[in-house]
Amino acid sequence: MLRVALMSVLFLSSLPAQVPAEIITLSVQVHRVQSAVHPWLQCAITEAEIQAVFIEVNRIWEPAGIRFEVTGIRDMQALDIAPKRFFQRSRHWVKEALPMNQLVPGALDLCFIHDMGPNGFFYGEPAVVSEVTTSTRVRGGSEHPVGRVAAHELGHALTLKHREDRKCLMAPGLRGTELIQEEISAARLRALQMKQHGIP
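Residues numbered from 1 in each chain as written. Predicted model: local features only at pLDDT ≥ 70, side-chain atom pairs only at ≥ 80, totals over all residues. Heavy atoms only, no water.

Asks: Which parts of the structure should I look at to understand the environment of glycine 176?
Replies: Within the secondary structure, glycine 176 sits in the loop between helix H4 (145-157) and helix H5 (181-197). Each C-alpha atom of the pair glycine 176 and glutamate 143 lies 9.7 Å from the other, and the pair is 33 residues apart in sequence. In contact with glycine 176, not counting residues within four places along its chain, are Val138, Gly141, Arg148, Arg166, Lys167, Cys168 and Leu169. (Helix = DSSP H or I, 4+ residues; strand = E, 2+ residues; numbered from the N terminus. Contact = heavy atoms within 4.5 Å.)

The following block contains the structure:
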């Protein structure tokens, strides 16, 4: 009996989700990181390209009833830190270079940099996305790799963890976009908390 119940739960959680009736809108402040010293950080993404990224982000998140609204785009001057050492993890080095006092209260912050090896990361505010991405195509997946990476990192901001399924949004290094009902429920709960209590 327990086995049947467990199989039912697993089956239901893997079903395609229905679009929720209520749309939750979250504000996003976009930062274009600039650096005359570190070419990896110096991003050249344009406002038109950022808008295209978020068209794809919102297409991916539409089944969850979550919309990300860009409320501002600004340049962010990276801190003048020591060059990355060979053994130093790129994510940690990049986060050290970001001036945290320039993040915007009440919004999700997303920083674009040029290239760092990993496509993006979220270790708490802000989410960071590389404008140069490398990912594997997936049948039915996103054709906009930077938009897919941004959608993935915003998923982490909404508490979602990596999931090893080629078709899913939270699989690392791929272009899948699917969300299961369990992920949608968790993301919507976090999004509602952000709307009610502010985005830390």
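Still more ground to cover, so stick around.
Asks: How should I be thinking about the pattern of salt bridges in this particular structure?
Replies: Think of it this way: side chains of opposite charge can pair up when their charged atoms draw near. Counted by the stated rule, this structure contains 5 salt bridges. Residue aspartate 75 is joined to arginine 32 by a salt bridge in which the shortest nitrogen-to-oxygen separation is 3.0 Å. With aspartate 75 in strand E2 (residues 66-77) and arginine 32 in strand E1 (residues 24-34), this pair connects stretches of sequence that are 43 residues apart. The closest approach of N and O atoms between arginine 137 and glutamate 143, which form a salt bridge, is 2.5 Å. Judged by relative accessible area, arginine 137 falls into the exposed class, the value being 52%. Take glutamate 143: its relative accessible area is 56%, and that puts it in the exposed class. Among the charged side chains, a salt-bridge network with shared partners connects Arg163, Asp165 and Glu183. (Salt bridge = Lys/Arg side-chain N within 4 Å of Asp/Glu carboxyl O. Buried < 20%, exposed > 50% of the residue type's maximum accessible area, 1.4 Å probe, protein only.)

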